[in-house]
Amino acid sequence: QVQLVESGGGLVQTGGSLRLSCVASARTFSSATMGWFRQAPGKEREFVAAIRWNGDYTYYADSGKGRFTISRDNPKITVYLQMTDLKPEDTAVYYCASTSHTSNRAMGSIGNYRNWGQGTQVTVSS
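Report follows, based on the coordinates. (Residues numbered from 1 in each chain as written. Predicted model: local features only at pLDDT ≥ 70, side-chain atom pairs only at ≥ 80, totals over all residues. Heavy atoms only, no water.)

1. Remarks on the state of the cysteines
Here is step 1 of the chain: Per the stated rule, a full pass over the model turns up one disulfide.
Here is step 2 of the chain: Paired through a disulfide, Cys22 and Cys96 show a sulfur-sulfur distance of 2.0 Å. Its S-S torsion of approximately 60° makes the covalent link between Cys22 and Cys96 right-handed. Of the two residues, Cys22 sits in strand β3 (residues 18-24) while Cys96 sits in strand β9 (residues 92-99), which places them 74 residues apart along the sequence.
Here is step 3 of the chain: On the basis of relative accessible area, Cys22 is assigned to the buried category, the value being 0%.
Here is step 4 of the chain: For Cys96, a relative accessible area of 1% translates into the label buried. (Disulfide = S-S within 2.5 Å. Helix = DSSP H or I, 4+ residues; strand = E, 2+ residues; numbered from the N terminus. Buried < 20%, exposed > 50% of the residue type's maximum accessible area, 1.4 Å probe, protein only.)

What follows is the structure, encoded as C-alpha cells:
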C-alpha cells in the first residue's frame, strides 16, 4: 500500500494562493493516478483534480477549473496542487489519494480511490 503525506495547507486571504504537496512512498500499478479531494465541515468529500503518472493528462472539477493546477514531479514521487484566486468556499481539508484507474469518469469518482493521505487544512478568510 502506498503511503501518502500531504503538506502546504494554511491560512490565506481571499484571492491568495497556496501550493499543496503530496509525497508518495512509491509508484505502483495500483497507483497510476493521483487525485486531490477536499472536505469541508459537515459536507461530503469532493473531487478537486487528478493527474496520471504517465502522460500529461489532467482532470479538474468545475469548482477549481481555471484556478487550480495539478502537477507532478515523477522522480520525487510528488504531486502538487497549485491553488490561486482562493475563495472562502475553498476552505476544507485537502486530501491526496491514489487509484489504478485512468479514465475521466474513474478519476473523478471518489469510490475508486483506495489509498489516502491524512489531509492538510486550507482556510481561506474573507
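2. Brief notes about the nonpolar core
Here is step 1 of the chain: Counting 27 residues, the largest nonpolar core has Trp36, Ile70, Leu81, Met83 and Tyr94 as its most contacted members.
Here is step 2 of the chain: For this core, the elements supplying multiple residues, two or more each, are β3, β4 (33-39), β5 (46-52), β7 (68-73), β8 (78-83), β9 and β11 (120-125).
Here is step 3 of the chain: Excluding anything up to four places from it in sequence, Met83 contacts Gly16, Ser17, Leu18, Leu20, Arg67, Phe68, Tyr94 and Val122.
Here is step 4 of the chain: If you look at the next biggest cluster of nonpolar residues, it comprises seven residues, including Phe47, Ala50, Ala61 and Met107. (Core = buried A, V, L, I, M, F, W, Y, C linked by side-chain atoms within 4.5 Å. Contact = heavy atoms within 4.5 Å.)

3. Thoughts on the pattern of salt bridges
Here is step 1 of the chain: Under the definition given, this model contains four salt bridges.
Here is step 2 of the chain: The residue Arg38 makes a salt bridge to Asp90 at a minimum N-O spacing of 2.8 Å. Taken together, the residues span a long stretch of sequence, with Arg38 in strand β4 and Asp90 in the loop between β8 and β9 at a distance of 52 residues.
Here is step 3 of the chain: The buried category is assigned to Asp90, whose relative accessible area is 0%.
Here is step 4 of the chain: One salt bridge connects Arg67 with Asp90, and the closest N-O pair in it is separated by 2.7 Å. You can see Arg67 sitting in the loop between β6 (58-60) and β7 and its partner Asp90 sitting in the loop between β8 and β9, a full 23 residues away along the chain. Accessibility assignment for this pair places Arg67 and Asp90 in one class, buried.
Here is step 5 of the chain: One continuous salt-bridge network, built from bridges that share partners, spans Arg38, Glu46, Arg67 and Asp90. (Salt bridge = Lys/Arg side-chain N within 4 Å of Asp/Glu carboxyl O.)

Without other data, these values stay purely geometric and don't point to any function.
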